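Residues per chain, in single letters:
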Amino acid sequence: QIICQIWLTEKMHRQFSTTKSYLNIMPAWVIDKYGGNDVLRFTKNAAFPIINYPNEVIVKVCAAGLNPLDVSMRAGYGAATLSMKRDPLNIKQTGNEFPLILGRDVSGVIMECGLDVKYFKERDEVWAAIPPWKQGSLAEFVVLSGNEISLKPKSLNHVEAASLPYVANTAWSVLVNTGGLNKENCANKRILILGGSGGVGTFAIQMLKAWGGHVTVTCSQNAEHFVRDLGADHVVDYTAGPVEEPLRALEKFDLILDNIGGDTERWALELLKPWTGAKYVTLVTPFLQNTDRLGIADGMMQTAATMTTKALKHLLKGVHYRWGFFAPSGPALDEIREMVDEGQIRPVVEEIFSFSQVPKAFEKMERGHARGKTVVQISKPGDVS
Ligand SMILES: NC(=O)C1=CN([C@@H]2O[C@H](COP(=O)(O)OP(=O)(O)OC[C@H]3O[C@@H](n4cnc5c(N)ncnc54)[C@H](OP(=O)(O)O)[C@@H]3O)[C@@H](O)[C@H]2O)C=CC1
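Taking an unreviewed UniProt entry as the reference, the protein chain is identified by name as NAD(P)H oxidoreductase RTN4IP1, mitochondrial belonging to Periophthalmus magnuspinnatus. Reading the Pathway (unreviewed entry) entry of the UniProt record for the protein chain gives the comment "Cofactor biosynthesis; ubiquinone biosynthesis." Comment text from UniProt for the protein chain, heading Sequence similarities (unreviewed entry), reads "Belongs to the zinc-containing alcohol dehydrogenase family. Quinone oxidoreductase subfamily."

Set out below in structure tokens:
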């Protein structure tokens with residue numbers, strides 16, 4: 001069976017890849033079970049990624065950005081859905097996701113292209129956000145599809161570039177695809193970002209300001225200068241008392257982006273302008289918890305029922321209630337690259353770790369209160385052979 005598998009793997013590689021030779025193993029941080037930081041394991045023998053489809057590329061990772069999702073995934077969040085995505089027929093049964101490589105952001109250099117890859121070539125410097133069901137970027141190489149990658153902004157180095165794709169694709173998905181905002185219609189719209197000092201918030205503030213929106217942000221008092229510096233027009237300190245009180249005193253909003261969840265839904269929707277098409281989009285949804293708890297089928301049914309009930313309830317009050325999700329997209333990153341290279345959006349890197357310090361990077365992430373992104377430097381572009 002093993003010989004057969006190796007033969008098939010080699011055959012697929014030859015069929016879909018433009019190059020003839022590849023390595024078998026690579027260094028990576030993996031987990032073999034879910035848990036705390038102690039489950040992170042460094043290995044020099046992780047399986048080298050393989051081009052399985054002709055539209056895929058292999059990227060040598062120069063830098064990998066971390067997100068709260070990595071900490072949650074390390075502990076098993078989303079395991080049911082994500083392992084099903086990796087193995088739809090569940091051939092290998094539960095646990096097929098191990099050894100699992102975390103890390104959703106990558107900036108690096110293309111080493112190999114599948115035969116159908118048209119817009120990229122070997123040695124192109126690219127950035128991308130990696131879907132959670134794929135192996136991540138805390139490794140020397142990662143495989144991605146051509147529609148998930150984009151040419152890296154010229155004005156950024158790899159560490160800076162690796163701080164953006166996941167939060168950029170998330171903010172784009174929730175504000176543009178779900179929220180309906182874009183550079184043509186955003187001018188003078190009033191937007192409230194609940195939780196503006198973290199990764200998604202710091203990106204969303206800059207994008208909305210570049211499009212002429214008026215942005216109000218909630219964050220702790222010691223982040224006020226930080227978010228104002230990124231362009232926030234109005235800042236409300238959520239640690240100074242019930243945050244809804246100062247917010248109620250403000251003019252109502254066209255869109256609210258909720259990065260916090262919890263009880264915000266009890267009071268935040270009343271801050272929207274009713275009967276004007278105003279939207280509340282929350283990134284904190286029970287979708288993956290439901291599938292982890294109830295299994296895929298029941299979890300999805302429960303999720304659909306909850307979402308429909310809430311959407312209808314708020315629609316009757318004249319506002320739109322939506323759930324927002326990260327969506328990997330190379331074309332969205334192409335548009336964001338232009339904004340970055342024009343100086344409208346800058347990366348906010350809070351701390352850089354070396355490849356040997358990955359557990360330390362996770363500890364930092366777990367402390368929360370982010371003021372930008374945590375990035376792991378994996379290799380230098382000059383290391384590409
Ligand atoms: N559904 C999806 O597909 C996705 C969901 N997410 C979720 O979105 C959320 C935001 O992600 P991200 O920006 O990367 O997270 P971060 O951890 O980078 O940022 C969260 C920020 O919120 C601030 N904060 C915490 N509590 C409050 C509060 N009550 N009011 C206002 N601010 C608060 C924290 O700073 P401080 O308290 O110091 O001010 C912190 O800076 C996370 O919950 C994440 O899991 C993210 C991406 C995709």
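Where do I start with helix H13 (residues 358–366) in this structure?
Helical geometry note: an α-helix holds 3.6 residues per turn, so side chains three or four residues apart project in the same direction. Looking at H13, one finds that the buried residues are Val358, Ala361, Phe362, Lys364 and Met365. End-on, the buried residues of H13 take up no more than an arc of 160°, which puts them together on one face. Looking one or two places after H13, you find glycine 368, whose phi comes out positive at around 70°.

Just checking my understanding: could you explain the site of the ligand for this structure?
Neighbouring residues of the ligand: 22 residues in total, closest Ser220, Tyr238, Phe326, His369 and Ala370. Backbone polar atom of valine 200 to an oxygen atom of the ligand: 2.9 Å apart, as the coordinates give it. Alanine 370 is positioned such that a nitrogen or oxygen atom in its backbone is 2.9 Å from an oxygen atom of the ligand. About the coverage of the ligand: the protein hides 79% of its 910 Å² of free accessible area.

Honestly, the state of the cysteines in this entry has me stumped. Any pointers?
Structurally, a disulfide amounts to a covalent bond that connects the sulfur atoms of two cysteines. In this structure the tally under the stated criterion is zero disulfides. Here cysteine 186 is not cross-linked by a disulfide; its sulfur's nearest cysteine counterpart is in cysteine 219, at 20 Å. Given the relative accessible area of 1%, cysteine 219 is considered buried.

Is there a simple way to explain the packing of helix H5 (residues 165–178) against helix H12 (residues 330–341) in this structure?
The N-to-C vectors of H5 and H12 enclose an angle of 105°; their axes lie 10 Å apart at closest approach. Between H5 and H12, the angle falls in the class roughly perpendicular. Where H5 abuts H12, its residues Pro165, Ala168, Asn169 and Trp172 lie against Ala332, Leu333, Glu335 and Ile336. Of the residues contributing to the contact of H5 with H12, the split by class is six nonpolar, one polar and one charged.

Please clarify how empty space enclosed by the protein should be interpreted in this entry.
Any space left empty among the atoms is revealed by the rolling of a water-sized probe across them. Per the stated rule, a full pass over the model turns up two cavities of 30 Å³ or more. Put simply, the largest cavity is a space of about 50 Å³. Forming the walls of the largest cavity are Ser163, Leu164, Val167, Gly199, Thr202, Phe203, Gln206, Arg346, Pro347, Val348 and Lys373. At four residues, helix H6 (residues 199–210) tops the list of elements feeding residues into the lining of the largest cavity. Grouping the amino acids of the lining of the largest cavity by side-chain chemistry returns five nonpolar, four polar and two charged. When residues are assigned to domains, the lining of the largest cavity turns out to be shared by domain 1 (25–164 + 330–338 + 347–377) and domain 2 (179–323), each giving three or more. Size it by volume and the second largest cavity reaches roughly 40 Å³. In this structure, the second largest cavity is lined by ten residues; those nearest its centre are Tyr34, Tyr77, Ala79, Leu82 and Leu100. In terms of residue class, the lining of the second largest cavity is built from six nonpolar, two polar and two charged.

Cut-offs used in this document
- Every chain begins its residue count from 1, and numbering advances along the sequence as written.
- For a predicted model such as this one, the threshold for reporting local features is a pLDDT of at least 70, and the threshold for listing and counting side-chain atom pairs is 80 or more; totals across whole chains, interfaces and linings nevertheless cover every residue.
- Side-chain metrics in this entry use all non-hydrogen atoms of the structure; hydrogen atoms and water are not considered.
- UniProt positions are given in the numbering used here, feature names are shortened, and annotations may be inferred rather than shown by experiment.
- Exposure classes here rest on a 1.4 Å probe applied to the protein chains alone. A residue is buried below 20% of its type maximum, exposed above 50%, and partly exposed in between.
- Helix and strand assignments follow DSSP, with helices taken as H or I runs no shorter than four residues and strands as E runs no shorter than two, numbered in order from the N terminus.
- Here the arc refers to the set of directions running from the helix axis out to each C-beta atom.
- Residues are classed as near a molecule or strand on a simple rule: at least one heavy atom within 4 Å of it.
- Pairing of N or O atoms within 3.5 Å defines a polar contact, subject to two protein rules: one partner must be a possible hydrogen donor and the other a possible acceptor, and residues neighboring in sequence count only if both atoms are side-chain atoms.
- Here the open area of atoms and residues is found with the Shrake-Rupley method and a 1.4 Å probe, where only the protein chains shown may cover a residue.
- Working definition: a disulfide is two cysteine sulfur atoms within 2.5 Å of each other.
- Axis lines are fitted through C-alpha atoms, for helices just across the contact stretch, and the angle between N-to-C directions can take any value from 0 to 180 degrees.
- Just so you know how the angles are binned, under 35 degrees is roughly parallel, over 145 roughly antiparallel, 65 to 115 roughly perpendicular, and the rest oblique.
- Contacts: residue pairs with any heavy atoms within 4.5 Å of one another.
- Side-chain classes are defined by residue name, with Ala, Val, Leu, Ile, Met, Phe, Trp, Tyr, Cys and Pro counting as nonpolar, Asp, Glu, Lys and Arg as charged, and the others, Gly among them, as polar.
- Think of a 1 Å grid over just the protein atoms. A cavity is a set of points where a 1.4 Å probe fits yet cannot get out, a pocket is an open set with protein on both sides within 12 Å along at least five of seven lines, and lining residues have an atom within 4 Å of a point.
- Grid points are joined across faces, edges and corners, and a volume is the space filled by probe spheres set on the points.
- Domain boundaries shown here were taken from an automatic or database domain assignment.

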